[in-house]
Amino acid sequence: LLLLLLLQVSASCLWLGHSEVLRSFESSCPQFFFRETPPNEALEPENPAWICQRYKNQYYFATLYDRNRRIPVYSAYLYQPGPGKRPKTWLVEPQLMGAAYPKSMEREWTLLNYFNVSLEELSKSQAVLQDYKNLTGLNRGHLNPSGHHHNISSRTATFTLTNIIPQDAKLNGGAWNNYEQQTMIRRTKGCNNTYVVVGAVPGNTYIAKGRVNKPSYIWSSACCEVDSTQRKAWGVIAENDKNEVHLLTLGELEDVLTHLYGGDQVFLFDSDCPRE
């Protein structure tokens, strides 16, 4: 019996050691940030989760998640667009329930049927599909869009609800989509690597009976390496009830976010990204 207990303890320690919900991104998935430098602490919510977004045993991007508001603060990824179909499967993050659960994203159905998880238990830790049913004037809006990825696995990985916000439907299908699909192609011409951090500023209203926050603003920022010495950067921001996107310098976006969050100065990238 003692041996069995020891084996159980060591097994649970192994799980803990491999959990992908972390205290920072630097230790497990720094590759999604320019110079391996995530945004500073000015954006951190009261109850954060640092998620190295893992699908089929591979990391695809990083998300800082607000557990209380059940929305992502930001997602960070490398811009690598390619042709391909839009996935239809929606995934959730079992690891947000605790270290004993899988560290890769899974379908809700899989967790409920194979891991003996109740929907109540899952929904305590994050947004679930039920929260996004019967939306009026809102969509499930990706922060990290599937169209910015080049194969089926990387595109499917963006379909986790920890990368989703309640987004104004006209904005999502209009000016924001135009930025993601057209402006990004123009702006990234000549870039070898483009690092993107895209986020949402919490708002004062909620969907799903107060469970999921509806952000007041959505923003995106990019830092592009043209070559070993030359870089360019930019940012955009949109109010989440207007079909308009405003193009800014990186420095302007950081200042706007600093004002909106009302705290310390926001820095989204390493200082080598131009702010002008």
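What counts as what
Numbers given for residues are sequential positions, taken from 1 along each chain in its written order. The predicted nature of this model means local features are confined to residues of pLDDT at least 70 and side-chain atom pairs, given and counted, to a pLDDT of 80 or more, with totals for whole chains, interfaces and linings taken over all residues. Hydrogens and water molecules were not included; the side-chain quantities draw on all heavy atoms of the structure. Any residue under 20% of the maximum accessible area for its type is buried, any over 50% is exposed, and the rest in between are partly exposed; the area is computed with a 1.4 Å probe on protein chains only. A run of DSSP states H or I qualifies as a helix once it reaches four residues; a run of E qualifies as a strand once it reaches two. Both are numbered from the N-terminal end. At least two DSSP bridges between two strands are needed for those strands to be called paired. Working rule for contacts: check all heavy atoms of both residues, and any pair within 4.5 Å makes them a contact. In this description, a line fitted to the C-alpha atoms serves as the axis of each element, helices being fitted only across the stretch in contact, and the angle between N-to-C directions of two axes falls anywhere from 0 to 180 degrees. Exposure above 30% relative accessible area and no salt bridge define the residues that can form patches, which grow by joining like charges within 9 Å and nonpolar side chains of Val, Leu, Ile, Met, Phe, Trp and Tyr within 5 Å. Method for areas: the Shrake-Rupley scheme with a 1.4 Å probe, in which residue coverage is limited to the protein chains shown. Salt-bridge detection follows one rule: a side-chain nitrogen of Lys or Arg within 4 Å of a carboxyl oxygen of Asp or Glu. Counting rule applied: Lys, Arg positive; Asp, Glu negative; His and chain ends not counted. Lys charges are placed at NZ, Arg charges at CZ, Asp charges at CG and Glu charges at CD.

- Going by an unreviewed UniProt entry, the protein carries the name ENDD1 protein and comes from Rhinopomastus cyanomelas.

## So, the pairing of strand β10 (residues 217-225)
- Along β10, 8 of the 9 residues are buried, which leaves the element largely enclosed by surrounding structure.
- In the sheet, strand β7 (residues 193-201) pairs with β10 via 9 bridges, with the strands oriented antiparallel. Residue pairing in the sheet places Val 201 in a bridge with Tyr 217 of β10.
- Sheet analysis places β10 next to strand β11 (residues 231-239), joined by 9 bridges and oriented antiparallel. Each residue of the ladder has a partner; that of Tyr 217, found in β11, is Glu 239.

## Describing the sheet that holds β10
- Spatial strand order, β1-β2-β3-β4-β7-β10-β11-β12: 8 strands in an open sheet with antiparallel pairing. Edge positions in the sheet fall to β1 (21-22) and β12 (246-248), since each of these pairs with one other strand and no more.
- Relative to β12, β11 is paired through 3 bridges, and the arrangement is antiparallel. Its bridge partner being in β12, Ile 237 is matched across the sheet by His 246.
- In the packing of helix α7 (residues 250-261) onto the sheet, contacts are made with β4 (71-78), β7, β10, β11 and β12, and the angle to β11 comes to roughly 40°.

## Remarks on a positive patch on the surface
- A cluster of like positive charges, contributed by Arg 186, Arg 187, Lys 189 and Lys 232, occupies part of the molecular surface.
- Relative to the helices and strands, Lys 232 resides in strand β11.
- A residue is classified by how much of its surface remains accessible, and Lys 232, at 30% relative accessible area, is partly exposed.

## Considering the pairing of strand β3 (residues 58-66)
- Of all 9 residues that make up β3, 7 are buried, and the element is covered over most of its length.
- Looking at chain direction, strand β2 (residues 48-55) and β3 are connected through 8 bridges and run antiparallel. Paired with Ala 49 across the two strands is Tyr 65, which belongs to β3.
- The turn joining β2 and β3, which pair antiparallel and follow one another in sequence, is formed by 2 residues; a positive phi near 50° is taken by Lys 56.
- For β3 and β4, the ladder comprises 5 bridges, and the chain directions are antiparallel. Within the sheet, the bridge partner assigned to Asp 66 lies in β4 and is Ile 71.

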